[in-house]
Amino acid sequence: MRRKLAAGNWKMNGLTADLGEAETLATRHPDPRSEVVICPPATLIAPMAARLAGSAVGVGGQDCHAVASGAHTGDIAAAMLADVGARHVILGHSERRADHHETDAAIAAKVTAAWAAGLTAILCVGETEPDRDGGRTLDVITAQLDGALPEGAQADNTVIAYEPVWAIGTGRTPSAAQIREVHIHLRDALARRFGAIAAEGIRLLYGGSVKPANAAEIFAIADVDGALVGGASLKASDFGAIIAALDAA
Ligand code: PEP
């Protein structure tokens, strides 16, 4: 039985004054059925982990470097995230693929580094709007999964987030049938590469404009094990409503 997961991606939002939102969330959801993680900007990982210590809400990073240490100004190693309390790291987010020209091979190296540091990688895949309009969605996602997920993926080190690029921050979401089609495809692709046992255990999240208003509908789709939530994870009231919908699904 896969435990559901609600992961919040604060992106480049949040100052120390906003840590109270995370504390409020943890106070309102002391014992959720679902696993709950917030991935704040790197500057807030340590203080957020300290403020949430002992609560049911975990903390994660939004990226890590592929190597353990060295001359990489401005970058953060996976072990550094783990050192300050992160247990997860988002990798291959479409904003990093676009802003930092991250390739699948580069992302795969980061996933390997995350695993070596004991972190669970939340690997993002998803098609652009031209990909979908051109009927290439499943091919694009297969290529991303094959290229960015190294050998060794298993239930306790990997989560896959299906995030259609055109749905992120736009208020648009795919139909239930479209989400289901991709999730079935992902589960099959994982089974072919890693075997049925690993594939059955790896959680598949949907991400892209998940809000309190549409969460229950999305979580009712078979094979959706939770959500990666951007904008709606910034406020305890919104993210809390999404967690409640996931717990009830
Ligand atoms: C995201 O950035 O991963 C995301 C899903 O964003 P939003 O929920 O704001 O669409």
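Structure's up top.
Now for a look at the structure at hand. (Residues numbered from 1 in each chain as written. Predicted model: local features only at pLDDT ≥ 70, side-chain atom pairs only at ≥ 80, totals over all residues. Heavy atoms only, no water.)

### Focus: the pattern of salt bridges
It is possible for side chains of opposite charge to pair when their charged atoms get near one another. Under the definition given, this model contains 19 salt bridges. With a closest N to O distance of 2.6 Å, arginine 97 and aspartate 104 form a salt bridge. Residue classification places arginine 97 among the buried positions, given a relative accessible area of 16%. Through salt bridges with shared partners, one network takes in Arg2, Arg187, Glu200, Asp223 and Asp225. (Salt bridge = Lys/Arg side-chain N within 4 Å of Asp/Glu carboxyl O. Buried < 20%, exposed > 50% of the residue type's maximum accessible area, 1.4 Å probe, protein only.)

### Concerning the layout of surface pockets
If you add up the space inside the largest pocket, you get close to 540 Å³. For the largest pocket, the lining is made up of 22 residues, of which Lys11, Gln62, Asp63, Arg96 and His100 are closest to its centre. Those elements giving two or more residues to the lining of the largest pocket turn out to be α2 (42-52) and α4 (94-99). Ranked by the residues each element gives to the lining of the largest pocket, the list is headed by α4, at three residues. Here the residues of the lining of the largest pocket are counted per class, giving nine nonpolar, seven polar and six charged. What the second largest pocket holds in volume is close to 160 Å³. For the lining of the second largest pocket, a count of residues per class yields five nonpolar, nine polar and three charged. (1 Å grid on protein atoms, 1.4 Å probe; cavity = no way out; pocket = protein on both sides within 12 Å on 5 of 7 lines; lining within 4 Å. Points joined across faces, edges and corners; volume = space filled by probe spheres on them. Helix = DSSP H or I, 4+ residues; strand = E, 2+ residues; numbered from the N terminus. Nonpolar A, V, L, I, M, F, W, Y, C, P; charged D, E, K, R; others polar.)

### Some words on the sheet that holds strand β6 (residues 158-162)
The strands that make up a sheet are held in pairs by hydrogen bonds between backbone atoms, and each pair lies either parallel or antiparallel. Ordered by their spatial adjacency, eight strands build a closed barrel running β1-β2-β3-β4-β5-β6-β7-β8, and the pairing between neighbours is parallel. Here the strands of the sheet are splayed against their neighbours by 25° on average, with no regard to which way each runs. With five bridges connecting them, strand β5 (residues 120-125) and β6 associate as parallel partners. For leucine 123, the partnering residue across the bridge sits in β6 and is isoleucine 160. Against the sheet, helix α5 (residues 104-116) makes contact with β4 (88-91), β5 and β6, and its axis sits at roughly 175° relative to β4, the strand it touches most. (Pairing = 2+ DSSP bridges. Axes fitted to C-alpha atoms, helices over the stretch in contact; angles between N-to-C directions. Contact = heavy atoms within 4.5 Å.)

### Some remarks on empty space enclosed by the protein
It is a probe the size of a water molecule, rolled over the atoms, that shows where empty space is left. Going through the model one piece at a time under the given rule, you end up with one cavity of 30 Å³ or more. Of the voids in this model, the largest cavity is the one considered here, and its volume is about 40 Å³. For the lining of the largest cavity, the elements supplying multiple residues, two or more each, are α4 and β5.

### A closer look at the packing of aromatic side chains
The geometry of an aromatic ring pair is captured by the separation of the ring centres together with the interplanar angle, meaning the angle of the planes. Scanning the model with the defined rule gives one aromatic pair in all. Ring geometry for tyrosine 162 versus tyrosine 206: centroids 6.1 Å apart, planes at 65°, classification edge-to-face. Separated by 44 residues along the polypeptide, tyrosine 162 in strand β6 and tyrosine 206 in strand β7 (residues 203-207) bring together distant segments of the chain. With a relative accessible area of 0%, tyrosine 162 lands in the buried category. (Phe/Tyr/Trp six-rings, centres within 6.5 Å; stacked < 30°, edge-to-face > 60°.)

### With respect to the side chain of lysine 11
Mapping lysine 11 onto the fold places it in the loop between β1 (5-9) and α1 (19-28). Under the relative-accessibility criterion, lysine 11 is labelled buried at 19%. A polar atom in the side chain of lysine 11 sits 2.8 Å from the side chain of glutamate 95. Apart from residues no more than four positions distant in its own chain, lysine 11 is found in contact with Cys39, Pro41, Gln62, His93, Glu95, Ile168 and Gly230. (Polar contact = N/O pair within 3.5 Å; in protein donor to acceptor, adjacent residues only side chain to side chain.)

### A few points about the site of the ligand
The environment of the ligand is made up of 14 residues, and the closest members are Lys11, Glu163, Gly169, Ser209 and Gly230. Lysine 11 places a polar side-chain atom, nitrogen or oxygen, 2.6 Å from an oxygen atom of the ligand. Glutamate 163 is positioned with one of its side-chain polar atoms (N or O) 2.7 Å from an oxygen atom of the ligand. Protein contact buries 97% of the 290 Å² of open area that the ligand shows by itself. (Near = heavy atom within 4 Å. Areas by Shrake-Rupley, 256 points an atom, 1.4 Å probe, with all protein chains shown as cover.)

### Re the pairing of strand β2 (residues 35-39)
Counting buried positions over the five residues of β2 gives five, a clear majority of the element. Because side chains alternate across β2, one face comprises the buried residues Glu35, Val37 and Cys39, and the other comprises Val36 and Ile38, equally buried. With α1 bridging β1 and its parallel neighbour β2, the resulting β-α-β unit is right-handed. Bridge analysis of β2 against strand β3 (residues 57-61) gives three bridges, and the strand direction is parallel. The residue of β3 that forms the bridge with valine 37 is glycine 58. (Right-handed = clockwise from strand over helix to strand, strands pointing away.)

### Some words on the packing of α1 against helix α11 (residues 236-248)
Running from N to C, α1 and α11 cross one another at 35°; their axes reach a closest spacing of 9 Å. By crossing handedness, the relation of α1 to α11 is classed as right-handed. Here Glu21, Thr24, Leu25 and Arg28 of α1 lie close against α11, whose contacting residues are Ala236, Ser237, Phe239, Gly240 and Ile243. Across the contact of α1 with α11, the residue classes break down as four nonpolar, three polar and two charged. (Left-handed = near helix turned anticlockwise from the far one by under 90°.)

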